[in-house]
Amino acid sequence: MSIIEFRGVSRRYDENDAGPPALDDVTLAIEPGEAVAVLGPSGSGKSTLLNLVAGLDRPDSGTVTVAGVDLGGLNEAASARYRRAHIGMIFQFFHLLDDLTVAENVVLPALLAGQQRAEARRRCAALLETLGIDRHAAAYPSKLSGGQRQRVAIARALMNKPAVLLADEPTGALDSASGEDVGKLLTELNAEGQTLVLVTHDESLAARCATRTIRLADGRVQAEAAR
Amino acid sequence: MSGLGRVVRAGAARRRVQTVIIGLATFMAVTSAVLGGSLLVASTGPFDDSFTSQHGAHLSVLLDGTKTAGTPNLAGVTETSGPFPVVVQAPHIDPGGSLPPLTIVGRPQPGTGIDRVSVVEGRWPSGPGEIALAEGAPLGAVMTFPALPGKPSLTVVGRARSTSQTAAAWVLPAAIPALTTPGTTPNTQILYRFGAPTSSTLDEAAAAITATTPPGTLLGSQSWLVLKAAADRNTALFVPFLVAFGLLGLVMAVLSIGGVVAGAAGAATGRIGVLKAIGYTPAQVVRGFLGQALIPAAIGTALGTAAGHAIAIPLLQSTSEVYETAPVAITSWVDVIVAAGALVLVTLTATVAALRAGRLRTVDALSAGRTTSRDRGRTAAVLAARVPLPRPVTLGLGQPFARPGRMAAMLATVVFGTAAVALAVGLGASISVIEKARLHDSAAIAVGPSGPRRQGPSPADGPPLDQVTQAVTAQAGTGAWYGIAEVPSTVAGVPGVVEALGFTADASWAGYEMTAGRWFREPGEGIVPTPLLTASGTKVGGTMTLTINGRSVPIRVVGEVFSTRHDGMQVFTSLGTLLPAQPDLRPSEYRIDLAAGADREAYSAALTTALKPLGLEARPNQAGSSEVLLALNALTGLLTAMLVAIAALGVLNMAVLQTHERVRDLGIHKALGMTPRQAVTVVLSSVLLIGLAGGALGTPAGVALHGVMMPAMGDQAGITLPVAVLDVYEPWLLALLIPGGLAIAILGALLPAGWAARLRTATALRTE
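The rules behind the values
- Residues numbered from 1 in each chain as written.
- Chains lettered and ligands numbered in written order.
- Predicted model: local features only at pLDDT ≥ 70, side-chain atom pairs only at ≥ 80, totals over all residues.
- Heavy atoms only, no water.
- Helix = DSSP H or I, 4+ residues; strand = E, 2+ residues; numbered from the N terminus.
- Buried < 20%, exposed > 50% of the residue type's maximum accessible area, 1.4 Å probe, protein only.
- Contact = heavy atoms within 4.5 Å.
- Areas by Shrake-Rupley, 256 points an atom, 1.4 Å probe, with all protein chains shown as cover.
- Polar contact = N/O pair within 3.5 Å; in protein donor to acceptor, adjacent residues only side chain to side chain.
- Buried area = accessible area lost by both parts, 1.4 Å probe.
- Salt bridge = Lys/Arg side-chain N within 4 Å of Asp/Glu carboxyl O.
- Axes fitted to C-alpha atoms, helices over the stretch in contact; angles between N-to-C directions.
- Parallel < 35°, antiparallel > 145°, perpendicular 65-115°, else oblique.
- Left-handed = near helix turned anticlockwise from the far one by under 90°.
- Nonpolar A, V, L, I, M, F, W, Y, C, P; charged D, E, K, R; others polar.
- Core = buried A, V, L, I, M, F, W, Y, C linked by side-chain atoms within 4.5 Å.
- Domains from an automatic or database assignment.
- Patch = residues over 30% accessible without salt bridge, like charges linked within 9 Å, V, L, I, M, F, W, Y side chains within 5 Å.
- Phe/Tyr/Trp six-rings, centres within 6.5 Å; stacked < 30°, edge-to-face > 60°.

> Got a minute to help me understand the overall build of chain B in this structure?
Across its full length, chain B carries 25 helices and 22 strands. Considering chain B as a whole, with its 768 residues, one finds that 53% of them fall into the buried category. Look at the contacts in chain B between residues 6 or more apart in sequence, and 82% of them connect residues 24 or more apart. About 30800 Å² of surface is accessible on chain B, with carbon and sulfur atoms providing 62% of the total.

Below, the structure written as structure tokens:
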């Protein structure tokens, strides 16, 4: 059974139906453990697709099902609970909370989900160690390099053991060395069974990390290819 | 359109929340300031204002209608009105029963010459079957005069008020003949104004009338100075109360506008950075922000002035009830000063704030727009995170510390708001106690002579006490009761008459408040109000000697009682104290409290039947319910609500700014799984500490201010206030007031909390 399934999904931002839709009758499926790179030029619908998977947006038509949950019927609170349970997100600009330490940023999803502090701290420490940033646990994000910040963001995304890891241009704000480093980390995570959806312009990153690529153009799936 | 104009319009339109808040803050502040200013104006010599606006009579004289045909000429007179025909008749009204005898004056219209009577409700009589009253019956009521031939009836068409107190009711002159007792001639009222209306001028004028008219022509005269002194004494207790509210309104208005506009400028720093980056000069930046603030402020000012008027009209009507003067119109200069003041305040605050932002380096301004200094508030955030509460709560608790200046401003707003509410509630409660104590007539049933109703004790002409006692005690439902006999007396060294009131039993339960000592217990003991104690130089524990019918009556003063009646020139004692000086003294009035479950109407009817042979009548006592108290309660409620709204608006503004700044963080939290309810919790928690601290600081501040103000109010009126007036903050009231700060803070934060809950995550994440 697919972990992500789009059936005839369309999303249009222009309420007057003028102009092309952001997504136009997209049907696709992603299996558990896959690493899929969504490629395409600006305005092709990549971010819309990612937002739909994350439950941050809703389709105008069609159904989006993730981990067996039909996202179309979720209200805001249910969407939030869905994200906590099934989704980890990594952003281009990290989106770390600057007034929280690294450790506080990482444990945040667990605490929002009502997890015990001690248990969340143990999981956080393990993740930071795995990702090689444990010595920065008490530091604030502003003191870290871009690559280190993205590792913190990845640790935070993994905190609640998500079924799907969504990465939106995860190396877009990093220098090439840090970008390669993050790409390698994502590949390792996928190798351990983590489902990964990667939205990027970066063909080389897609080639390194993804087991399959989906190319979007004008809101439609133009091509799909397994690596 | 110039580049600057586009920036101003776009800024106002795009930052809708900020624009609306500036408009709303100005609206509330101007409304509050118009109200506050109007109250201050209305409270500055209310009698003088009313007297001037009505072109009041310096001297009104009542002449015997059978002995004079003209208007006596007097020295120093600048204007006369009259003669007006005057009759005194006791009407009956259904429902309601008998009214006291009314002085009815025949005047063709209210608003000409001297004493331009104000019609406060309804209209002036237009036909012989109509009457306008100062008080006593509602519009539309029909009054009949059973003692007159044909029992003429008049419909009450208006409520009117004369500051010169020239009449209790007015009819057209054509209606007077039907209201005149057969065989008599209506008396004549003449009103005078003088160039120099001093006491001696007026005394000389009255003497001149006596000297130049046949003996007995002058039936009475009334000096405006006597009325003014009485009015000033009556209002002395209320003026500081209303002035305090007026000042609170003005201060809150200034704080509100200043805080909101300065906050808006701070929030616009990033935008100012962008403008500078694309080539705007600092002067253009200031003009741009000024325009952005002035557009909503001007709209808010216009709407606030209109709303201020709409609210001030009934408010000033209530005020005129309190002051017993003609309703005062809103002075136009209050509008002008408030509107100009609000716009100047906006201009100054916006200019200073924009200049500050404009002086920042462009790069700093740009970064300031995106982030707050993350170093600030970190310790608080770390400490908050350790609190064993849900994470959304601890996230919110730490937020305000990132902006210490804003937190201080928000705290000041809540402290001021809570203090204002505590003070307002305390003042309202104190005034309520004062009014009840002033009336000291809380008994359920009043018994007095049958026929026209009379207020308070009347000269000693009642039936034998033992017969009344027998009838009252035999009546089922009788609780505590007492009779009051009154006899005029004098006290050495005190000018004028001192009312000696003899009680048949303990009356301390009827609303009397002691300021010192205790209630009298046995003959020879008495209690005295502050003014008489002061005038006679007597102290509690000392002896005061009354002279009644030429006999000395020594009274040991065992207490000081709060009373403003008869200017406080009263002595309260037992009937037994006064009997040696006047053995036939009998109570003419009685007051009865009912046993539990007794019905006032049924009891009154039954007792009246029993007392009728004695010439007495029982009625449910209305004296304890005061129009003044109702008006003051309405004023307190309205003004307190305004103060709370303004304080909450200040919090709203700052909470909106805080939430806007945190929009990206909010987006991240939501992306990580924060539910809308948790987002609401974060925003509400961010004002939690401020609300609690504000309540904890503001309530004692308000209570302390009350403790300073109330005695000052008493001093101004020359009265020692009872402890009950000062000690109004019951534990339950404090328990309500202290969380009041939290309520104000939560009220202000609700809107941004709702906005945070509805915020679209994807949109928030794009906010960088």
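That shown, we press on.
> What's the story with helix H2 (residues 76–86) of chain A in this structure? I'm lost.
An α-helical segment advances 3.6 residues per turn. Residues three or four places apart therefore align on the same side. Residues of H2(A) that are buried include every one of Ala78(A), Ser79(A), Ala80(A), Tyr82(A), Arg83(A) and Arg84(A), and no others. If you check the start of H2(A), you find a side-chain oxygen 3.2 Å away from the backbone N of Ala77(A), and it comes from Asn75(A).

> Could you clarify how one ought to interpret the interface of chain A and chain B in this entry?
When the parts of a complex come together, some accessible area is lost, and that lost area is often used as the size of the interface. Contacts between the two partners involve 27 residues from chain A and, on the opposite side, 32 residues from chain B. Summing the contributions of chain A and of chain B, the shared interface buries around 2600 Å²; its carbon and sulfur component is 56%. Interface area lost by chain A to chain B is led by His95(A), Asp99(A) and Leu112(A), which between them contribute 22%. Taken together, the connections running from chain A to chain B amount to 1 salt bridge.

> I tried to follow the packing of helix H11 (residues 378–386) of chain B against helix H12 (residues 391–398) of chain B on my own but got confused; where do I start?
Helix-helix packing is described using two parameters, namely the angle between the two axes and the distance between the axes. Residues and elements named next belong to chain B. Contact pair H11 / H12: the axes reach a minimum separation of 8 Å and the direction vectors enclose 155°. As the angle between them shows, H11 and H12 are arranged roughly antiparallel. For the pair H11 and H12, the crossing hand works out as right-handed. Packed against H11, whose contacting residues are Ala-380, Ala-381, Ala-384 and Ala-385, the element H12 presents Arg-391, Thr-394, Leu-397 and Gly-398 at the interface. A class-by-class count of the residues in the contact of H11 with H12 yields 5 nonpolar, 2 polar and 1 charged.

> Where do I start with the nonpolar core in this structure?
For soluble globular proteins, nonpolar side chains are generally found buried alongside one another. Counting 125 residues, the largest nonpolar core has Ile4(A), Phe6(A), Val66(A) and Leu166(A) as its most contacted members. A total of 13 residues in this core trace back to one element, the largest contributor, which is helix H18 (residues 627–661) of chain B. Both of domain 1 (1–55 + 229–370) and domain 3 (375–439 + 626–768) of chain B provide at least three residues apiece to this core. If sequence neighbours within four positions are ignored, Ile4(A) has contacts with Leu28(A), Ala29(A), Ile30(A), Val53(A), Thr65(A), Val66(A), Val164(A) and Val197(A). Membership of the second largest hydrophobic core comes to 39 residues, among which are Val102(A), Ile154(A), Leu186(A) and Leu205(A).

> Just to check I follow, could you spell out a nonpolar patch on the surface for this structure?
Residue and element names in this part refer to chain B. On the surface, Ile-295, Ile-299 and Leu-303 cluster together into a nonpolar patch covering about 270 Å² of accessible area. Structurally, Ile-295 is set in helix H8 (residues 282–323). Residue class for Ile-295 comes out partly exposed when judged on its relative accessible area of 37%.

> Would you mind showing me how to read the environment of Ser574(B) here?
Residues and elements named next belong to chain B. Residue position: Ser-574 is located in strand S20 (residues 570–574). The spacing of Ser-574 and Gly-524 is 50 residues in sequence and 7.7 Å in space, taken between C-alpha atoms. Apart from the residues lying within four places of it in its own chain, the contact partners of Ser-574 are Gly-502, Phe-503, Phe-520, Glu-522, Pro-523 and Glu-525. Of the polar contacts made by the side chain of Ser-574, one reaches the side chain of Thr-577; its length is 3.0 Å.

> I keep staring at the packing of aromatic side chains and nothing clicks. Help me out?
Two descriptors summarise a pair of aromatic rings, namely the distance from one centre to the other and the angle between the planes of the rings. All names here are of chain B. Inspection of the entire model under this criterion finds 13 aromatic pairs over all chains. Their ring planes at 25° and their centres at 4.9 Å tell us that Phe-51 and Trp-224 sit as a pair that is stacked. Placement of Phe-51 in helix H3 (residues 46–53) and of Trp-224 in helix H5 (residues 224–236) is noted, with a sequence separation of 173 residues between them. With a relative accessible area of 4%, Phe-51 lands in the buried category. Aromatic pair Tyr-512 and Phe-572: ring centres 5.6 Å apart, planes at 75°, arrangement edge-to-face. Placement of the pair is Tyr-512 in the loop between strand S15 (494–503) and strand S16 (514–517) and Phe-572 in strand S20, with a sequence separation of 60 residues. Per residue, the accessibility class of Tyr-512 equals that of Phe-572, and both read buried. One aromatic cluster in this structure is built from Tyr-482, Phe-503, Trp-509, Tyr-512, Trp-519, Phe-520 and Phe-572.

The quantities given are spatial measurements derived from coordinates; they are silent on function.
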